[in-house]
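Working through the structure, step by step
Here are the chains, one letter per residue:
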Amino acid sequence: MEDRSQTRRDFMKMMSMGAMAALSLGSLSCTRAQVEAFLQKHFREMTEAEKKEAIRRLEETYFRKYGKKFHISTQPADTAVLWGYGLDLSRCIGCRRCVYACVKENNQSRSNPQLQWIRVVRLKDGSLINLENTEHYYNPEKVPEPGFQYMPVQCQHCENPPCVRVCPVHATWKEPDGIVVVDYNWCIGCRYCMAACPYKGRVFNWGQPNIPPEELNTEVHYLGNRPRMKNVVEKCTFCIQRVRNGRYPACVEACPTGARKFGNLLDPDSEIRYIIENKRVFRLKEDLNTEPKFYYFFSA
Amino acid sequence: MEAWIFFKKTIRMVFVGTKVYYLWCAFLLAIIGIAISFYMKQLDAGLIITNMKDQVSWGLYLGNFTYLVGVAAAAVLLVIPAYIYHFDPIKEIVVLGELLAASAIIMALMFVLADLGRPDRFWHIVPFIGILAFPDSLLAWDVIVLNGYLVLNTIVPIYILVKTYFGKEPVRKYVIPLVLLSIPWAVGIHTVTAFLYNGLAARPFWNASILAPRFLASAFCSGPAMALIIFQILRKTAGLKIKNEALFKVAELMAYAMFVNLFLLGAELFKEYYSGTIHLAPMQYLFQGLHGHDSLVPWIRSAMVMNITAFLIFLIPATRTNLLTLNIGSLLIIVGVWIEKGLGLIVPGFIPDPLGEIYEYLPNVNEIAISLGIWAFGLFIFTLFMRIAIPIQRGDFSHSKYAREAGRTQYERSNQ
């Protein structure tokens, strides 16, 4: 009788010790990943081996956090490509499907904070250029509404991006294919880039991002749609994970009216070049000399 | 060895004091303690606990930062008359003025740290260890000039104080070049801080070439106003010797600065309102309200009343040389310029945002608590500085006195 309780106690003790050991090991390895993330270099200063190591660690972290296997690409830019975007204002109906396609594709925080990279504003006819007359929160029964125009605005991927110039730690830069990216592991969260952007192209993770695990997109790029951490800046990357694999950005695919066009500005036969050469094209706030690679046009 | 004894004695000094001293320190430490608990909350949840949003992405923290850089820069208003024009009554307080500047810079840097979303990555901005984007980013410039100014404003007073402790004259050859350097440097810190905002074409409210001069003019009012109040308190409580003459001289200089400040503001108001372009919107939001949004209007209007009243008080010799009206004027300037340079400068820069949206920002309890904590910390540091500096300047805390006492005990010991 006594023996058995003794062994039971021993068993319990052993089990709890084991659990303790496992827990402390777990927490140890967790701290180790955190320490490694803390000491991690700037993405552009990493060697190939260091990049691989960072990817492996991230994939492990995401698996632990979301229970899903991520595939994180670091595919570099193709030097024969300079991406350009066209938006047909005569076709945009303000349905905002692009906004939600973007949120889903790019793993943006759904609530607290709710983040969106595209903002579709409503303007009364006759006040297109003066963005101070925009309406942001409108909810009509049916779109389009007579007397109004809709203008989606997102990162314009400027040739002279003011946001890149002001960053005190070079955490954001312009890739050779023209995409302006952020190293989320290098951003210190000062939000200077947000103050500098004339297009409101950047948003901030004011709190821990919230994404329902079942809605996660696991095909990601290191500089694009991988899940972010709290208190870093993020932005549109023209869906870097898609366009570097020969696909269209999610917003282009989602647009029901075909108002969104995308292509290589260096290719004279591309659709975007055709639009620039043949349509009535303008860019936002051109007087600021930012040289956006986002072209608004009218097809009708 | 001597230096070590000096250091040990200063440490012992800050732990002893009068009842008022203990109460004051306990009061400040209590505020700091509360602020730390709020800051832990911010570290845990993120900046979401503040009232800032994507539309207004800088708020109370950066407002305080800007104001305090101005306070720090204003130490030159004491340095110039003391060292350039050899105005003796001010010479006695110039060391204290420099220590006030050092405390202000420490607070300013703490406000930047409080505003950083990722303070754990602070090392990314440290030159050589991280990547400092110099000369591209004005924030990188600010890091360099602010830290340089901090070093300058601690080295000079510490050197003078240590020399005084040992009963020696500071070597002018060392002090004067550093003091002379600190004058353009003070202008530099505030200019760079102005350029931080000024250089952003996306924000027409800041993108006016008059911004840096306005910054300097308002700094030369608020910094000395703070010094005037603090020196009078120290004169009452810590036995600081300071003549009324010195206070009145500073007040006279402040009258000029306030005139320039109000003139530049008027120049900017004229340009915006007379041309009445789209760039008027932030100014309208601040002074009149825009599309029914007007939460800053009562603030800026009261700030205007305070600044103009203070200007008149400092302009008229009778009220300038009356301690009661002088103090009222100083308090009006401290608050008035704080509103103008804090809420009144940072927030309207973001309203309306680049896509025309209006989000009305006012700081919440968390931001106010953390800000008060940083102010309390700065005052605490300054109190400790004063605890050492004033007795040294008065001659109560000196090496000869210590040596005499040490010699006596040694003599007594050898006699036993």
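Residues numbered from 1 in each chain as written. Chains lettered and ligands numbered in written order. Predicted model: local features only at pLDDT ≥ 70, side-chain atom pairs only at ≥ 80, totals over all residues. Heavy atoms only, no water.

Digging into the overall build of chain B
- What chain B contains, in helices and strands, is 17 helices and zero strands.
- A globule of 416 residues ought to have a C-alpha radius of gyration of about 22 Å, and chain B, at 23 Å, matches this closely.
- Counting only C-alpha atoms, chain B reaches 85 × 55 × 40 Å along its principal axes.
- The contacts in chain B between residues at least 6 apart in sequence include a share of 76% that link residues at least 24 apart. (Helix = DSSP H or I, 4+ residues; strand = E, 2+ residues; numbered from the N terminus. Rg over C-alpha atoms; globule rule 2.2 N^0.38 Å. Contact = heavy atoms within 4.5 Å.)

Some words on the interface of chain A and chain B
- The interface is formed by 49 residues belonging to chain A together with 47 residues belonging to chain B.
- Summing both partners gives a buried area of about 4,000 Å² for chain A against chain B, and 59% of it is carried by carbon and sulfur.
- Among the residues of chain A in contact with chain B, Glu132, Tyr192 and Trp206 of chain A are the three that bury the most area, contributing 19% of the side total.
- Between Arg119 of chain A and Glu357 of chain B there is a salt bridge, with the nearest N and O atoms lying 2.6 Å from each other.
- For the pair chain A and chain B, the interface holds 28 residue pairs in polar contact (both at pLDDT 80 or more).
- Counting only elements with at least two residues in the side of chain A that touches chain B, the list comes to helix H1 (2-39), helix H4 (162-166), helix H5 (192-196) and strand E7 (202-204) of chain A.
- Per-element tally for the side of chain A that touches chain B: the top contributor is H5 of chain A, with four residues.
- Classifying every residue of the side of chain A that touches chain B gives 29 nonpolar, twelve polar and eight charged. (Buried area = accessible area lost by both parts, 1.4 Å probe. Salt bridge = Lys/Arg side-chain N within 4 Å of Asp/Glu carboxyl O. Polar contact = N/O pair within 3.5 Å; in protein donor to acceptor, adjacent residues only side chain to side chain. Nonpolar A, V, L, I, M, F, W, Y, C, P; charged D, E, K, R; others polar.)

Observations concerning the confidence of the model for chain B
- Predicted confidence across chain B gives a mean pLDDT of 91, with 96% of residues reaching 70 or more.
- Scoring of the predicted complex yields 0.91 for pTM and 0.92 for ipTM. (pLDDT = per-residue confidence, 0-100.)

Thoughts on the nonpolar core
- In this structure, Tyr197, Trp206 and Phe231 of chain B are the most contacted members of the largest nonpolar core, which totals 163 residues.
- The leading source of residues in this core is helix H9 (residues 211-237) of chain B, at 14 residues.
- When residues no more than four places from it in sequence are discounted, the contact partners of Phe231 of chain B are Leu78, Ile93, Leu96, Gly97, Leu240, Ile242 and Leu247 of chain B.
- Ranked by size, the runner-up nonpolar core spans 58 residues in total, among them Phe43, Leu58, Tyr66 and Phe294 of chain A. (Core = buried A, V, L, I, M, F, W, Y, C linked by side-chain atoms within 4.5 Å. Buried < 20%, exposed > 50% of the residue type's maximum accessible area, 1.4 Å probe, protein only.)

Examining the pairing of strand E12 (residues 294-298) of chain A
All names here are of chain A.
- Burial of E12 is extensive: five of the five residues sit out of reach of the surface.
- Across the two faces of E12 the burial is the same, with Phe294, Tyr296 and Phe298 and Tyr295 and Phe297 all buried.
- As paired strands, strand E2 (residues 83-88) and E12 are joined by four bridges and run parallel to one another. Considered in E12, the bridge of Tyr85 is made with Phe294.
- With three bridges joining them, strand E11 (residues 280-282) and E12 adopt antiparallel strand pairing. By the bridge assignment for E12, Phe282 is matched with Tyr296. (Pairing = 2+ DSSP bridges.)

Describing a nonpolar patch on the surface
All names here are of chain B.
- Residues Trp4, Phe7, Ile11, Phe15, Val16 and Tyr22 make up a contiguous nonpolar surface patch of roughly 640 Å² in combined accessible area.
- Sorting elements by how many residues they give to the nonpolar patch places helix H1 (residues 2-15) first, with four residues.
- Trp4 gets classed as partly exposed once you look at its relative accessible area, which sits at 46%. (Patch = residues over 30% accessible without salt bridge, like charges linked within 9 Å, V, L, I, M, F, W, Y side chains within 5 Å. Areas by Shrake-Rupley, 256 points an atom, 1.4 Å probe, with all protein chains shown as cover.)

Some thoughts on the side chain of Gln40 of chain A
- Considering the arrangement of structural elements, one finds Gln40 of chain A in the loop between H1 and helix H2 (48-66).
- With near-sequence residues (within four places) excluded, Gln40 of chain A lies in contact with Met46, Ala54, Arg57, Asn185, Trp186 and Tyr222 of chain A together with Trp123 of chain B.

Here's the deal with the sheet that holds E2 of chain A
Residues and elements named next belong to chain A.
- Strand order across the open sheet formed by four strands is E10-E2-E12-E11, with mixed pairing between neighbours. Whereas interior strands pair on both sides, the edge strands pair on one side only; in this sheet they are strand E10 (260-264) and E11. Neighbour-to-neighbour, the strand axes of the sheet open up by a mean angle of 30°, direction not taken into account. (Axes fitted to C-alpha atoms, helices over the stretch in contact; angles between N-to-C directions.)

Quick word on the pattern of salt bridges
All names here are of chain A.
- If you walk through the whole model with that rule in mind, you get 30 salt bridges over all chains.
- Notably, a salt bridge pairs Glu59 with Lys69, separated by 3.5 Å at the nearest N-O pair. Taken together, the residues span a long stretch of sequence, with Glu59 in helix H2 and Lys69 in the loop between H2 and strand E1 (71-73) at a distance of ten residues.
- Among the residues examined, Lys69 registers a relative accessible area of 58% and is labelled exposed.
- One network of salt bridges, with partners in common, ties together Glu53, Arg56 and Glu60.

Overview of the packing of helix H7 (residues 138-165) of chain B against helix H8 (residues 172-198) of chain B
Residues and elements named next belong to chain B.
- One can describe the packing of H7 onto H8 by two numbers: an axis separation of 9 Å at closest approach and a directional angle of 150°. If you check the angle between H7 and H8, you find them roughly antiparallel. Note that H7 runs across H8; the crossing there is left-handed.
- The class makeup of the residues in the contact of H7 with H8 is 22 nonpolar, three polar and one charged. (Parallel < 35°, antiparallel > 145°, perpendicular 65-115°, else oblique. Left-handed = near helix turned anticlockwise from the far one by under 90°.)

What about helix H3 (residues 60-73) of chain B?
- The end-to-end C-alpha distance of H3 of chain B, which contains 14 residues, comes to 20 Å, matching closely the 20 Å that a straight helix rising 1.5 Å per residue would cover.
- A large share of H3 of chain B lies buried, amounting to 14 of its 14 residues. (Expected span 1.5 Å × (residues − 1).)

Some remarks on the side chain of Asn231 of chain A
- The topology assignment puts Asn231 of chain A in the loop between strand E8 (219-221) and strand E9 (233-235).
- A distance of 2.9 Å separates a polar atom in the side chain of Asn231 of chain A from the backbone oxygen of Gly117 of chain B.
- Leaving out residues up to four positions away in the same chain, Asn231 of chain A has contacts with Gly189, Phe204, Asn205, Trp206 and Gly207 of chain A together with Gly46, Leu47, Gly117 and Arg118 of chain B.

Concerning the state of the cysteines
Residue and element names in this part refer to chain A.
- Applying the stated rule across the entire model yields zero disulfides over all chains.
- Looking at the unpaired Cys98, the closest cysteine sulfur is the one in Cys95, lying at 6.2 Å.
- Left without a disulfide partner, Cys197 is nearest to the cysteine sulfur of Cys163, which lies 6.0 Å away.
- By relative accessible area, Cys197 is classed as buried at 9%. (Disulfide = S-S within 2.5 Å.)

What to know about the packing of aromatic side chains
- Scanning the entire structure with this criterion turns up 36 aromatic pairs over all chains.
- Their ring planes at 80° and their centres at 4.9 Å tell us that Tyr165 of chain B and Phe166 of chain B sit as a pair that is edge-to-face.
- Linked through ring pairs, Trp83, Tyr85, Phe238, Phe262, Phe282, Phe294, Tyr296 and Phe298 of chain A together constitute an aromatic cluster.
- The side chain of Lys51 of chain A reaches across the aromatic face of Phe43 of chain A, ending 4.6 Å from its centre.
- Positioned above the aromatic ring of Phe148 of chain A is the side chain of Arg122 of chain A, whose terminal nitrogen or guanidinium carbon lies 4.1 Å from the ring centre. (Phe/Tyr/Trp six-rings, centres within 6.5 Å; stacked < 30°, edge-to-face > 60°. Lys NZ or Arg CZ within 6 Å of the ring centre and 35° of its normal.)

Describing the environment of Arg203 of chain B
- In this structure, Arg203 of chain B sits in the loop between H8 and H9.
- Along the primary structure Arg203 of chain B and Trp4 of chain B are separated by 199 residues, whereas in three dimensions their C-alpha atoms are 52 Å apart.
- Not counting chain neighbours up to four residues away, the residues in contact with Arg203 of chain B comprise Met194, Ala195 and Cys197 of chain A together with Gly349, Phe350, Asp353 and Pro354 of chain B.

Some remarks on the environment of Leu109 of chain B
Residues and elements named next belong to chain B.
- Mapped onto the elements of the fold, Leu109 is located in helix H6 (residues 94-115).
- Judged by its relative accessible area of 25%, Leu109 is partly exposed.
- When the C-alpha positions of Leu109 and Leu150 are compared, they lie 9.9 Å apart, and in sequence the two are 41 residues distant.
- Among residues more than four places away in sequence, those in contact with Leu109 are Leu146, Asn147 and Leu150.

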